[in-house]
Amino acid sequence: EEQCQRQRQQLGPAPVSGHSSIAMSTEAIDYVKKPAMDFIKDSWKLMRRCTKPDSTEFTKIAQATSIGFFIMGFIGFFVKLIFIPINNIIVGMS
C-alpha cells in the first residue's frame, strides 16, 4: 500500500475526466489535417498553373512514349529469348 501511494505521488494528480482525451484527439486531428490541407492547397496551385498541350507538343510526347514502349518491349523480348535456353540447360541438368 505504501508503494502504491509513492507511485501515485510520482505520477501526479489524475487528469480530469474527458479533458485530456479531448485535447489529445484534437492534436491528433490537427496532426493529420494540416499536411492534408497543405497537400490540397499545393495541388490546386499546380492545377491552376498547368495548361493543355497543343497538338505539336502532344504528338511529340506520344512519339516519345511509343518509342519508349517499343524499346522496353524489345529489351524484354531479347532477355526472355536469351534466358529460355539458359533455363532449359539449368533445368535439364537436374
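Here's what I pulled together on the structure shown here.

What counts as what
Residues numbered from 1 in each chain as written. Predicted model: local features only at pLDDT ≥ 70, side-chain atom pairs only at ≥ 80, totals over all residues. Heavy atoms only, no water. Salt bridge = Lys/Arg side-chain N within 4 Å of Asp/Glu carboxyl O. Helix = DSSP H or I, 4+ residues; strand = E, 2+ residues; numbered from the N terminus. Buried < 20%, exposed > 50% of the residue type's maximum accessible area, 1.4 Å probe, protein only. Phe/Tyr/Trp six-rings, centres within 6.5 Å; stacked < 30°, edge-to-face > 60°. Expected span 1.5 Å × (residues − 1). Bend = angle between axes of the 7 residues up to and from the residue.

**Let's talk about the pattern of salt bridges**
Should their charged atoms come close, side chains of opposite charge can pair.
Alright, step 1. Considering all chains together, one arrives at one salt bridge under this definition.
Alright, step 2. The partner of Asp 38 in a salt bridge is Lys 34, with the nearest N and O atoms 3.2 Å apart. Of the two residues, Asp 38 and Lys 34 both sit in helix H2 (residues 19–49), four residues apart, roughly one turn of that helix.
Alright, step 3. Judged by relative accessible area, Asp 38 falls into the partly exposed class, the value being 30%.

**Topic: the packing of aromatic side chains**
Alright, step 1. Here the structure, examined in full by the defined rule, presents two aromatic pairs.
Alright, step 2. Through pairs of rings, three or more aromatic residues link up here, namely Phe 74, Phe 77 and Phe 78.

**Quick look at helix H3 (residues 55–93)**
Alright, step 1. Here H3 spans 57 Å end to end across 39 residues, near enough to the 57 Å set by a 1.5 Å rise per residue.
Alright, step 2. If you look at H3, its biggest bend is around 25°, right at Phe 83, and the proline Pro 85 turns up within four residues after that.

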